[in-house]
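If you want the building blocks of each chain, they are given just below.
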Amino acid sequence: MTLEALLAQIKPLNGEAMEKAQAHLDDLTKPRGSLGVLEDMAKQLAGIFGEIPKKPLQKAIILMAGDHGVMEEGVSAFPQEVTPQMVANFANGGAGINSLARHAGADLICVDVGIAVDMPDLPGLQRRKVAYGTKNMAKGPAMTVDEAIQAILIGADVVADAVQRGVRIVGTGEMGIGNTTPSAAIIAAIGGFSVEDVVGRGTGVNDRQLQIKIDAIKKALDVNRPDRADGMDVLTKVGGLEIAGLAGVCLGAAAQGIPVVIDGFISGAAAVIAGTICPQARDYMIGSHLSEEPGHKFMLDYLGLKPMLMMNFRLGEGTGAALGMTMIDAAVKMSNEMATFSSAGVSESID
């Protein structure tokens, strides 16, 4: 499939179904709108599926892994070797996302789209490497256009495979030491924000390393001059392969007609790329939580998403998306299990 063919599959939400869902939600035994975000999600699900689902959706977290050439600049507190080590931890079930995915009842699909070393056969790991990490964006483009498109299409393909197995909602997760640096560069470029406003400490860099990180991002933006209106241009110049893969997950979910739950800062960067390439895809996105990374709020605002949870998370991996999925389960159950005013014999508001 080509990128153009993928984008052509993305359709507007079903407005008539959303109106019917709103009428149903207003007839439930509660003051109108009193369940806030749960009602918003139920209505959005109706727009995506043509009706509010009758039962909780089969779930999967799609975790993309890749490495970053900008690590040469000293932007992370952790060495690059942690990326493959953590992917092995995911495969063995020992990471934060494993426990929270199990809690949410979600499968975990881990994809090597750009780890800097060859990975062994591991349970649940798909080896679909585009390149051995990106190039150093502080010196030139992080990847070629062909590499970015290949990673996007891999993400979309992983979603399509999951949908064939019955998955009806996906969440985004990632692993890639150093990846808060390209993520900050992406929102600075597309949103036109100052680097200082959107950059954070990532895995916990000290003041000196934070300044190194800021300088590296500024250098990358100056060297590459990405076009803020062109999501592909920004992605290729200052992005990451796992970010490209997750942008493909976002676009692929919209193309398959299923919702995608956006995790934190790196997932947010991928969603910003997807939403810039195809604004229609934003209608299929659900914001899970607000990350501690300062740039995440700018990403959510750019996409028009409201986070469901305020948990002080900054782990990534898809952990916030997994918890967000439990809230979506609640929205579905609320919509189907609450009585209506007429069925319960309860009087409605007199206004």
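For the structure itself, consult the block above.
The rules behind the values
- Residues numbered from 1 in each chain as written.
- Predicted model: local features only at pLDDT ≥ 70, side-chain atom pairs only at ≥ 80, totals over all residues.
- Heavy atoms only, no water.
- Helix = DSSP H or I, 4+ residues; strand = E, 2+ residues; numbered from the N terminus.
- Expected span 1.5 Å × (residues − 1).
- Buried < 20%, exposed > 50% of the residue type's maximum accessible area, 1.4 Å probe, protein only.
- Axes fitted to C-alpha atoms, helices over the stretch in contact; angles between N-to-C directions.
- Contact = heavy atoms within 4.5 Å.
- Nonpolar A, V, L, I, M, F, W, Y, C, P; charged D, E, K, R; others polar.
- Pairing = 2+ DSSP bridges.
- Polar contact = N/O pair within 3.5 Å; in protein donor to acceptor, adjacent residues only side chain to side chain.

It is not clear to me how helix 12 (residues 265–277) should be interpreted in this structure. Could you clarify?
Each α-helix winds once per 3.6 residues, and so residues spaced three or four apart point in a common direction. With 13 residues, helix 12 extends 18 Å between its outermost C-alpha atoms, agreeing within 8% with the 18 Å of an ideal straight helix rising 1.5 Å per residue. When you tally the buried positions in helix 12, you get 13 out of 13 residues, the bulk of the element.

Can you help me understand the packing of helix 10 (residues 231–238) against helix 12 in this one?
Helix-helix packing is characterised by the crossing angle of the two axes and by the distance between the axes. For the pair helix 10 and helix 12, the least separation of the axes is 8 Å and the interaxial angle reads 145°. Along its contact with helix 10, which presents Gly231, Met232, Val234 and Leu235, the element helix 12 presents Ile273, Thr276 and Ile277. Residues that form the contact of helix 10 with helix 12 fall into these classes: five nonpolar, two polar and no charged.

For this particular structure, what's the right way to read the pairing of strand 1 (residues 59–66)?
One face of the sheet, then the other: side chains in a regular strand alternate in exactly this way. The buried count for strand 1 comes to eight of eight residues, which makes it a mostly enclosed element. Burial along strand 1 is two-sided: the residues Lys59, Ile61, Leu63 and Ala65 and Ala60, Ile62, Met64 and Gly66 are all buried. Looking at chain direction, strand 1 and strand 4 (residues 169–175) are connected through seven bridges and run parallel. Note that in strand 4 the partner of Lys59 across the bridge is Ile169.

So what exactly am I meant to see when it comes to helix 3 (residues 36–49) here?
Taking 1.5 Å of rise per residue, 14 residues should cover 20 Å, and helix 3 covers 20 Å from first to last C-alpha, within 8% of that figure. Next to the buried residues of helix 3 lie helix 2 (15–27), strand 6 (285–287) and helix 14 (319–337). Phi for Gly50, located one or two positions after helix 3, is positive at around 95°.

For this particular structure, what's the right way to read the side chain of Asn179?
Tracing the backbone through its elements, the reader meets Asn179 in the loop between strand 4 and helix 7 (180–191). For Asn179, a relative accessible area of 5% gives the class buried. One polar contact links Asn179 to Glu242, side chain to side chain, over a distance of 3.0 Å. Excluding residues that lie within four positions of it along the chain, Asn179 makes contacts with His68, Glu174, Glu242, Ile243 and Ile266.

Looking at this model, I keep getting lost on the sheet that holds strand 4. Mind explaining?
The pairing of strands in a sheet happens through backbone hydrogen bonds and is either parallel or antiparallel. Strand order in this open sheet of six strands is 3-2-1-4-5-6, and the pairing throughout is parallel. Because the sheet does not close on itself, it has two edges, and the strands there are strand 3 (125–127) and strand 6. The sheet shows a mean angle of 30° between the axes of neighbouring strands, taken without regard to direction. Where strand 2 (residues 106–114) meets strand 3, three bridges bridge the pair, whose relative direction is parallel. Residue pairing for strand 3: Asp112 is matched across the bridge by Arg127. Along the sheet face, helix 6 (residues 145–164) touches strand 1, strand 2 and strand 3 and points at about 155° away from the line of strand 2.

It is not clear to me how unusual backbone geometry should be interpreted in this structure. Could you clarify?
As a rule of thumb, non-glycine residues mostly have phi less than zero, and peptide bonds are mostly trans rather than cis. Phi at Asn312 takes a positive value of approximately 60°, unusual for a residue other than glycine. Summarising the element assignment, Asn312 is placed in the loop between helix 13 (295–303) and helix 14. Judged by relative accessible area, which is 58%, Asn312 ranks as exposed. Phi is positive for Glu317, which is not a glycine, with a value near 70°. Summarising the element assignment, Glu317 is placed in the loop between helix 13 and helix 14. For Glu317, a relative accessible area of 5% corresponds to the buried category.

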